[in-house]
Amino acid sequence: MASCVSCDTCDPSCPVHGGDARSRPLIFVAPRLEAGKLYGEELLSPNETTTKCYVDAVFEAGGLPVMMNLTEDASLIEEYVRRADGVCLPGGPDVSPRLWGDSSVHPGCTSCPERDTFELALIRACVEADKPLFTICRGTQMLNVALGGTLNMDVPSIPRKAGSVPHDHANLMYEPSHDVLIAEGSLLCHACGGEARYAVNSAHHCCVEKLGRGLVLSAVSDDGIPECVELPGKKFVLGVQWHPEYTWQSSDLDFLLWKSFVEACR
């Protein structure tokens, strides 16, 4: 049997691949939405999808990933949250600025109203129920907005930290783009084994601006861009701006984030 990243073996003692599968915490993954494609002259239905590297990270960290379905039904969202041991929100298109009352035109901004509606309600239900929540990129931006915060829609225009080397923060998934500086004693610090900084990938042109209710900033890039928020007082609410779903196999610290989340879900 093939080895796994957790134990380098796959004997029955492996907590990920061996033992009782019922011991895996159930982790719901919010879906992406892809437009339907033409099939001849007919337009096929849109696709609700998830990203393989994302669910692989949950699985390898010891969880049981299950993709959710988009819905506006509050009772169904509450039932998802009730059954979940934890919830993940992935990246994707921009959060609509209208959600925090910004009617300005933002060139290059793309949005998905179906995801906005669903994720807004999902995040609030998770926080209220105190269910572990791990968000990535767009998911982190939505976390901030769901709790009353705002976003900066143009990271390149943000003044950088004095004396730093500025990064473009765009389109580098599999390789490190910049370091993040981590607040001592934060959930992020504990989740990645006590590290004060480490190199992460980057692919975003928006970021957290005004923090949502209760959220604290626990990491910035080495040029000063917000990179991680968390919600003290809850079991596990962590939102990162980078993409550890793409680097968990190459970055021990990114994989620690997934394992810390799954452990919180137990």
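For the structure itself, consult the block above.
Computed from a predicted structure; not experimentally measured.

Rules used in this analysis
Residues numbered from 1 in each chain as written. Predicted model: local features only at pLDDT ≥ 70, side-chain atom pairs only at ≥ 80, totals over all residues. Heavy atoms only, no water. Salt bridge = Lys/Arg side-chain N within 4 Å of Asp/Glu carboxyl O. Helix = DSSP H or I, 4+ residues; strand = E, 2+ residues; numbered from the N terminus. Buried < 20%, exposed > 50% of the residue type's maximum accessible area, 1.4 Å probe, protein only. Pairing = 2+ DSSP bridges. Axes fitted to C-alpha atoms, helices over the stretch in contact; angles between N-to-C directions. Contact = heavy atoms within 4.5 Å. Phe/Tyr/Trp six-rings, centres within 6.5 Å; stacked < 30°, edge-to-face > 60°.

K.L.:
Please clarify how the pattern of salt bridges should be interpreted in this entry.
P.N.:
Note on pairing: side chains with opposite charge can pair once their charged atoms come close. Applying the stated criterion across every chain yields a total of ten salt bridges. As a salt-bridge pair, Lys52 and Asp56 come within 2.7 Å of each other at their nearest N and O atoms. Of this pair, Lys52 and Asp56 are both found in helix α1 (residues 52–60), four residues apart, which corresponds to roughly one turn of the helix. Residue Lys52 is classed as exposed on the basis of its relative accessible area of 59%.

K.L.:
Would you explain the sheet that holds strand β11 (residues 197–200) in this entry?
P.N.:
The strands making up a sheet associate through backbone hydrogen bonding, with each pair oriented either parallel or antiparallel. Taken in spatial order, the nine strands line up as β6-β1-β7-β8-β15-β14-β13-β10-β11 in an open sheet, and their pairing is mixed. On the outer flanks of this sheet lie β6 (64–67) and β11, each paired with one strand and no other. Within the sheet, the average angular offset between the axes of one strand and its neighbour, ignoring direction, is 20°. Examined bridge by bridge, strand β1 (residues 26–29) and β6 share four bridges and lie parallel to one another. Along β6, the bridge assignment pairs Leu26 with Leu64. Where α1 meets the sheet, its contacts fall on β1, β6, β7 (86–89) and β8 (133–136), and the angle it forms with β6 comes to roughly 150°. Of the strands in this sheet, β7 and β8 are in contact with helix α3 (residues 113–129), which crosses β7 at around 145°.

K.L.:
Mind showing me how you'd approach the pairing of β7 here?
P.N.:
For a regular strand, side-chain orientation follows a simple rule: the groups alternate between the two sheet faces. Here β7 shows two buried faces, one formed by Gly86 and Cys88 and the other by Val87 and Leu89. Direction of pairing for β1 relative to β7: parallel, over a ladder of three bridges. By the bridge assignment, Val29 is partnered in β7 with Cys88. Both β7 and β8 contribute to a ladder of three bridges, which runs parallel. Looking at β8, one finds that Val87 is bridged to Leu133.

K.L.:
Sorry if this is basic, but what is going on with the packing of aromatic side chains here?
P.N.:
Aromatic ring pairs: the centre-centre distance and the angle between the two ring planes describe each pair. Considering all chains together, one arrives at nine aromatic pairs under this definition. Between Trp248 and Phe255, the aromatic rings sit 5.6 Å apart at their centres with planes inclined by 35°, giving tilted as the arrangement. By relative accessible area, Phe255 is classed as buried at 6%. Taken together, Tyr54, Phe134, Phe236, Trp258 and Phe261 form an aromatic cluster joined through their ring pairs.

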